[in-house]
Amino acid sequence: MITKTARSCPSCEEPVSIGDSVRLNEVLDCGGCRSELEIVALDPLVLALAPDVEEDWGE
């Protein structure tokens, strides 16, 4: 049985549908503001804005 829970986007407060099979550090998109959200905790489920990916340049 697949169920979905909804949490609020930390940026725009729109509900974000989340399935049962999510993993820690998984990145989701907010349907309202298109922000990338990262799952930072599973119990309880916590969403945060995903960090911007920066180039390494081998340093």
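For clarity, every value in this text was computed on a predicted model and none was experimentally measured.

**A short note on the overall build of the protein chain**
Argument step 1. Helices and strands together make up the secondary structure of the protein chain, namely zero helices and five strands.
Argument step 2. Each helix and strand of the protein chain, ordered N terminal to C terminal, gives the series β-β-β-β-β.
Argument step 3. Sorting the 59 residues of the protein chain into buried and exposed places 22% on the buried side.
Argument step 4. Long-range contacts, defined as pairs at least 24 residues apart, comprise 16% of the intrachain contacts of the protein chain with a sequence gap of at least 6.
Argument step 5. Total accessible area on the protein chain is roughly 4,700 Å²; 47% of this is exposed by carbon and sulfur atoms.

**Concerning the side chain of serine 35**
Argument step 1. Tracing the backbone shows serine 35 in the loop between strand S3 (27–29) and strand S4 (36–42).
Argument step 2. Other than its neighbours up to four places away in sequence, serine 35 contacts Ser11, Leu28, Asp29, Cys30 and Leu49.

Criteria and thresholds
- Residues numbered from 1 in each chain as written.
- Predicted model: local features only at pLDDT ≥ 70, side-chain atom pairs only at ≥ 80, totals over all residues.
- Heavy atoms only, no water.
- Helix = DSSP H or I, 4+ residues; strand = E, 2+ residues; numbered from the N terminus.
- Buried < 20%, exposed > 50% of the residue type's maximum accessible area, 1.4 Å probe, protein only.
- Contact = heavy atoms within 4.5 Å.
- Areas by Shrake-Rupley, 256 points an atom, 1.4 Å probe, with all protein chains shown as cover.

Keep in mind these numbers describe shape, not what the thing actually does.
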